[in-house]
Number of protein chains: 2
Amino acid sequence: MTVLAGLTELLSDWSTDPVELAQAATDRSGSPDTGIPALLVRARDVAEVQAVARFASAHGVPLVTRGAGSGLAGGAVAGTGTIVLDLSRLDRIIEIRPVDQVAVVEAGVITADVDAAAAAHGLFYAPDPGSVAISTIGGNIATNAGGLRGAKYGVTRDAVLALDVVLADGRLVHLGAGTLKHVAGYDLLGLVVGSEGTLGIVVGATLRLLPRPAATGTVAAYFGSLEDAADAAVAVRSCGARPSVLEIVDGLTLAAIDELSGTDLRQRGEAFLLVQVDGLDVTAELAAVEQAVAGATHVESTLDAVTSERLLAARRLALPAIEARGRALIEDIAVPPARLTDAIRGVQDVAAATGTTIHVFAHAGDGNVHPVIVVDADPGAELPAAAVEAADRIFALALELGGTVTGEHGVGLLKQRWVARQVGPDVDDLQRAVKRLFDPAGVLNPGKAI
Amino acid sequence: MTVLAGLTELLSDWSTDPVELAQAATDRSGSPDTGIPALLVRARDVAEVQAVARFASAHGVPLVTRGAGSGLAGGAVAGTGTIVLDLSRLDRIIEIRPVDQVAVVEAGVITADVDAAAAAHGLFYAPDPGSVAISTIGGNIATNAGGLRGAKYGVTRDAVLALDVVLADGRLVHLGAGTLKHVAGYDLLGLVVGSEGTLGIVVGATLRLLPRPAATGTVAAYFGSLEDAADAAVAVRSCGARPSVLEIVDGLTLAAIDELSGTDLRQRGEAFLLVQVDGLDVTAELAAVEQAVAGATHVESTLDAVTSERLLAARRLALPAIEARGRALIEDIAVPPARLTDAIRGVQDVAAATGTTIHVFAHAGDGNVHPVIVVDADPGAELPAAAVEAADRIFALALELGGTVTGEHGVGLLKQRWVARQVGPDVDDLQRAVKRLFDPAGVLNPGKAI
């Protein structure tokens, strides 16, 4: 496209190489390809981001911003004719302010690197999406990513104090405040978090840090049935401890982990519950958790960090183990915690009804269930009809149980129809009006998020 | 106004009595009167709220929604010709769902009543604005109210999972989800929280509850100087404990408390630091806090609930004690925690420069400072020029220190000019556009919040 020459002359690093463009058009969602972008821009500074946004709005060219491309809902999938704006080189940690307990970072910083920099000051960055070692802060903000520690520490939104955002027309604005709380004007910051690059381009963030917990206690418990494990999760939530991690893994997934790593976890039970508590001294909380899981068939409990990490490893292996079995479509429903068993049983019914294989693990503390549909199809290829049918039934199940079609991965390309159904026509209209307000030309990641 | 007859015939409880109208036109901000409203409506149900909103939009009549009238920034001040919509009778706690750990309530419920209902299930409602015994959940949501426990538990926004909102045109929408987290679409819920009734009318809320802490530990420490107290606050924040309460009270306020209650707190030091920790077992956290305040001139520490409450009483008396000395203008700046001493010293300088009396207490854990200007003027009367000058200098100080002109009380009538300066023209424009989108007729609490 010759019109793009007007843009590229302003930039330091861009590409129209078909291989690079194809790579920059996908993420980890398993979404079918939607074409080849026109241009890949690797931004070197905020001024380049502003130039790209200004150009896109002026010429009506769709603009898809991406970080590490680790998204699970297709939010960074880019189609024919788009500009892909890669922010992964905006990767500076600008400062850690230990007394304020904040980090000021660029959007392209890998999330785990923020935590590592905080650790040098005895602090930590609480949100820990499964992708923490590969995803960027900007991507986490775009999807309002959750993670294992959400039961106690919440989601990315809870850790974001301020944002630098490039608007669709290229203006740079600062949202939020440099303080731990503020109510000066509307919460536009919260509006941008989770908006998947459709309202603006996040280029920098001020993040809240917390004192790094001195002690961690972990309980790994196996149960004779899924119901027993879910009941134990309820008991843990009301035992007086405030678990930082409260995870359920189903038997099918335990078998996959065994297959990958040569363990024999599946023999220990039908379902696995992993609980972690953290703080200055967790002895009492650990004892309360042990009592809450007393109905388990097999329990390990530890205050030792190395043993904790080993117990957590089983949960961390869940996704790689499933992915070793085929192309994985990772769904992300959330339900009120009291409906957790209904949700997992419902997913198992969907698998039976559609003839698909669906593994389940869940952030039980949040009622956030990840059904993973394993399909026999190449990456980028069309999905088998049975898998699509299963996904649709899972979304319907979530709404039927009073839940949401996405707890922490985002809407992306895959769930728009369902989100509109979830929120209803009036809210859908409001969302579209907000989108038009922020992006009159409709160029920012069009067709995503809402 | 005869046009209002078309509305009142739809309503069950309304008044045009001048005394009732005058009462319904004010709040606790000490804002000067802006006239007498045209109509007071006490809504009996959501349908009446919808009727009022529809009427106001159709006829261009300004509509000011109020709960208990306990606001401190003039958000519920209503001027000539307005309809005042009182939601305090929408006061049902619809349900407590113990397994989900949520409460579903109407907007007019008194905040302390939610906590009391939660307590029956071993749960608690964490946000605790100073007004908790008199303010409503709807009012807390309108201002995104903070409170003493914000250091650990955050603000009202952090406890709101879903809202029922009547839009300007009378439509009722449900924002958020019935789950502990979700990312389905834009965070319109967060936009409404803190918007002071300018974007919609909150009629109901789903609130997050937490397990009620089994143990509470409290440390009350007096220091020879403000600097020592502020240094101790920093030490407490990094000692490994996660204090739920971390408050500073200045010497002037201690003297006022002594005057009110016959104590001799002021003799103990120049500044008072109150720290509370809570959880299943707080022995270790209490010991860490004791160590962090080792530089104090006088320390009391307790694990006993009754003694805790007695120690907290000094802090709770701060505002009544100041109010006993004259009309109190309660300011509400927040700064990065590292600038806390600069903020309090700065306020003292403002008092000296303007010849005003300014007491200071602060949520030190949040960097949220409440300078209270005591003025010699009747409620509702114009403020002395020196007090207005002092307030303006305090706002300027907040911005100079990288802070905000309001941490938790809201913008209301008093700080609009300053909020525009804080956020800058681009964000101010965006906010105004959001306002127009939600309220095209401009009738919802016009002139507030932004």
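Residues numbered from 1 in each chain as written. Chains lettered and ligands numbered in written order. Predicted model: local features only at pLDDT ≥ 70, side-chain atom pairs only at ≥ 80, totals over all residues. Heavy atoms only, no water.

1. Describing the overall build of chain A
Then, in step 1: Of the regular secondary structure elements, chain A holds 15 helices and 19 strands.
Then, in step 2: For 450 residues, the compact-globule estimate of 2.2 N^0.38 gives 22 Å, and chain A sits close to it at 22 Å.
Then, in step 3: Once the C-alpha set of chain A is aligned to its principal axes, its extents read approximately 65 × 55 × 45 Å.
Then, in step 4: Per-residue burial over chain A gives 62% buried out of 450 residues.
Then, in step 5: Contacts in chain A between residues far apart in sequence, at least 24 positions, make up 73% of those at least 6 positions apart. (Helix = DSSP H or I, 4+ residues; strand = E, 2+ residues; numbered from the N terminus. Rg over C-alpha atoms; globule rule 2.2 N^0.38 Å. Buried < 20%, exposed > 50% of the residue type's maximum accessible area, 1.4 Å probe, protein only. Contact = heavy atoms within 4.5 Å.)

2. Overview of the interface of chain A and chain B
Then, in step 1: Chain A puts 80 residues into the contact, and the matching count from chain B is 81 residues.
Then, in step 2: For the pair chain A and chain B, the summed buried surface comes to about 6200 Å²; carbon and sulfur atoms form 65% of the total.
Then, in step 3: Sorting the residues of chain A by area buried against chain B places A:Lys181, A:Val183 and A:Tyr186 first, and these three jointly supply 16% of that buried surface.
Then, in step 4: Our count for the contact surface shared by chain A and chain B stands at six salt bridges.
Then, in step 5: Run the count over chain A and chain B and you get 20 residue pairs in polar contact (both at pLDDT 80 or more).
Then, in step 6: Mapped onto the side of chain A that touches chain B, the elements with two or more residues apiece are helix 6 (150-153), strand 9 (172-176), helix 7 (188-192), strand 11 (210-211), helix 8 (226-237), helix 10 (283-292) and helix 15 (416-438) of chain A.
Then, in step 7: When residues in the side of chain A that touches chain B are grouped by element, the largest group, 12 residues, is from helix 15 of chain A.
Then, in step 8: Broken down by class, the residue content of the side of chain A that touches chain B amounts to 38 nonpolar, 27 polar and 15 charged. (Buried area = accessible area lost by both parts, 1.4 Å probe. Salt bridge = Lys/Arg side-chain N within 4 Å of Asp/Glu carboxyl O. Polar contact = N/O pair within 3.5 Å; in protein donor to acceptor, adjacent residues only side chain to side chain. Nonpolar A, V, L, I, M, F, W, Y, C, P; charged D, E, K, R; others polar.)

3. Focus: the relation of the copies chain A and chain B
Then, in step 1: In screw terms, the move from chain A to chain B is a rotation of 180° and a rise of 0.0 Å along the axis, fitting with an RMSD of 0.0 Å. The superposition operator between the copies reduces to a two-fold rotation axis. Measuring from the rotation axis to each C-alpha of chain A, the shortest distance belongs to A:Gly190, at 3.1 Å.
Then, in step 2: When the interface residues of chain A are mapped onto chain B, 100% of them are again interface residues, pointing to one common binding face. (Least-squares fit on C-alpha atoms with pLDDT ≥ 70 in both.)

4. A closer look at unusual backbone geometry
Then, in step 1: Positive phi, close to 55°, is recorded for A:Glu196, a residue that is not glycine.
Then, in step 2: Within the element layout of this structure, A:Glu196 appears in the loop between helix 7 and strand 10 (201-208).

5. Describing the sheet that holds strand 3 (residues 63-66) of chain B
Residues and elements named next belong to chain B.
Then, in step 1: Strand order in the open sheet formed by four strands is 1-2-4-3, and the pairing between neighbours is mixed. Whereas interior strands pair on both sides, the edge strands pair on one side only; in this sheet they are strand 1 (14-15) and strand 3.
Then, in step 2: Contacting strand 2 (39-42), strand 3 and strand 4 (83-86), helix 3 (residues 46-59) runs over the sheet at an angle of about 160° to strand 4. (Pairing = 2+ DSSP bridges. Axes fitted to C-alpha atoms, helices over the stretch in contact; angles between N-to-C directions.)

6. Some details on the packing of helix 8 (residues 226-237) of chain B against helix 13 (residues 340-354) of chain B
All names here are of chain B.
Then, in step 1: One can describe the packing of helix 8 onto helix 13 by two numbers: an axis separation of 10 Å at closest approach and a directional angle of 150°. By the angle class used here, helix 8 and helix 13 are roughly antiparallel. The element helix 8 and its partner helix 13 pack so that their crossing is right-handed. In this structure, helix 8 contributes Leu 226, Glu 227 and Ala 230 to the contact, and helix 13 contributes Thr 341, Ile 344, Arg 345 and Gln 348.
Then, in step 2: In terms of residue class, the contact of helix 8 with helix 13 is built from three nonpolar, two polar and two charged. (Parallel < 35°, antiparallel > 145°, perpendicular 65-115°, else oblique. Left-handed = near helix turned anticlockwise from the far one by under 90°.)

7. Thoughts on the domain arrangement of chain A
All names here are of chain A.
Then, in step 1: Once the domains are mapped, chain A shows domain 1 (5-86), domain 2 (93-211), domain 3 (213-312) and domain 4 (326-443).
Then, in step 2: When each unit is reduced to the centre of its C-alpha atoms, the spacing between domain 1 and domain 2 is 22 Å.
Then, in step 3: Contact residues are listed per partner, giving 14 residues for domain 1 and 14 residues for domain 2.
Then, in step 4: For the pair domain 1 and domain 2, the two sides together bury roughly 1000 Å², of which 68% comes from carbon and sulfur.
Then, in step 5: Seen at the junction of domain 1 and domain 2, the total is zero salt bridges.
Then, in step 6: Listing elements by their share of the side of domain 1 that touches domain 2, those giving two or more residues are helix 3 (46-59) and strand 3 (63-66). (Domains from an automatic or database assignment.)

8. Describing the packing of aromatic side chains
Then, in step 1: For the structure on display, the rule yields six aromatic pairs over all chains.
Then, in step 2: With centroids separated by 4.7 Å and ring planes inclined at 35°, the aromatic side chains of B:Tyr222 and B:Phe272 adopt a geometry described as tilted. Of this pair, B:Tyr222 sits in strand 12 (residues 215-223) while B:Phe272 sits in strand 14 (residues 271-279); the two residues are 50 residues apart in sequence, bridging distant segments of the chain. Each of the two residues, B:Tyr222 as well as B:Phe272, counts as buried.
Then, in step 3: Taking NZ or CZ as reference, A:Arg421 lies 4.1 Å from the ring centre of A:Trp418, over its face. (Phe/Tyr/Trp six-rings, centres within 6.5 Å; stacked < 30°, edge-to-face > 60°. Lys NZ or Arg CZ within 6 Å of the ring centre and 35° of its normal.)

9. Section: the environment of A:Ala126
Residues and elements named next belong to chain A.
Then, in step 1: Among the secondary structure elements, Ala 126 is positioned in the loop between strand 7 (123-124) and helix 5 (137-143).
Then, in step 2: On a C-alpha basis, the gap between Ala 126 and Asp 115 in space is 7.9 Å, while along the polypeptide they are 11 residues apart.
Then, in step 3: In contact with Ala 126, not counting residues within four places along its chain, are Arg 149, Tyr 153 and Leu 210.

10. Quick notes on the pattern of salt bridges
Then, in step 1: Tallied over the full model, the rule gives 55 salt bridges over all chains.
Then, in step 2: For B:Arg268, the salt bridge identified is with B:Asp264, shortest N-O distance 3.8 Å.
Then, in step 3: With relative accessibility at 26%, the residue B:Arg268 sits in the partly exposed group.
Then, in step 4: A single network of salt bridges, built from pairs that share partners, joins A:Asp13, A:Glu20, A:Arg42, A:Arg44 and A:Arg89.

11. Topic: the pairing of strand 12 (residues 215-223) of chain A
Residue and element names in this part refer to chain A.
Then, in step 1: Of all nine residues in strand 12, eight are buried; the element is thus mostly enclosed.
Then, in step 2: As paired strands, strand 12 and strand 14 (residues 271-279) are joined by nine bridges and run antiparallel to one another. Opposite Val 219, over in strand 14, you have Val 275 as the bridge partner.
Then, in step 3: Where strand 12 lies against strand 15 (residues 298-302), five bridges are found, and the strand directions are antiparallel. For Val 219, the partnering residue across the bridge sits in strand 15 and is Ser 301.

12. Observations regarding the environment of B:Ala112
Residue and element names in this part refer to chain B.
Then, in step 1: Secondary-structure assignment places Ala 112 in helix 4 (residues 111-119).
Then, in step 2: The spatial distance from the C-alpha of Ala 112 to the C-alpha of Ile 248 is 24 Å, given a sequence separation of 136 residues.
Then, in step 3: In contact with Ala 112, other than residues within four places in its own chain, are Val 132 and Ala 133.

13. Brief notes about the nonpolar core
Then, in step 1: A:Leu163, A:Leu188, B:Leu163, B:Leu188 and B:Ile248 are the most contacted members of the largest nonpolar core, which totals 179 residues.
Then, in step 2: Beyond its immediate chain neighbours, meaning those up to four positions away, B:Ile248 contacts B:Leu226, B:Ala229, B:Ala230, B:Ala233, B:Phe272, B:Leu273, B:Leu340, B:Ile344, B:Phe361, B:Ala362 and B:Ala364. (Core = buried A, V, L, I, M, F, W, Y, C linked by side-chain atoms within 4.5 Å.)

14. Topic: helix 3 of chain B
Residue and element names in this part refer to chain B.
Then, in step 1: Compared with an ideal rise of 1.5 Å per residue, which puts 14 residues at 20 Å, helix 3 spans 20 Å between its outermost C-alpha atoms and is within 8% of the ideal.
Then, in step 2: Those residues of helix 3 that sit buried are Glu 48, Val 49, Gln 50, Ala 51, Val 52, Ala 53, Phe 55 and Ala 56.
Then, in step 3: The backbone nitrogen of Ala 47 has a side-chain oxygen 3.2 Å away, supplied by the residue at the start of helix 3, namely Asp 45. (Expected span 1.5 Å × (residues − 1).)

15. Re the environment of A:Ala288
Then, in step 1: Of note, A:Ala288 is situated in helix 10.
Then, in step 2: Distance in space between the C-alpha atoms of A:Ala288 and A:Ala241 is 6.6 Å, their sequence separation being 47 residues.
Then, in step 3: Ignoring any residue separated from it by four or fewer positions in sequence, one finds A:Ala288 in contact with A:Cys239 and B:Leu280.

16. With respect to the pairing of strand 10 of chain A
Residues and elements named next belong to chain A.
Then, in step 1: The buried count for strand 10 comes to seven of eight residues, which makes it a mostly enclosed element.
Then, in step 2: Looking at chain direction, strand 6 (residues 102-106) and strand 10 are connected through five bridges and run antiparallel. Following the sheet pairing, Val 102 is matched in strand 10 by Arg 208.
Then, in step 3: In terms of strand pairing, strand 8 (residues 160-166) meets strand 10 through six bridges, oriented antiparallel. In the strand pairing of strand 10, Val 160 is matched with Leu 207.

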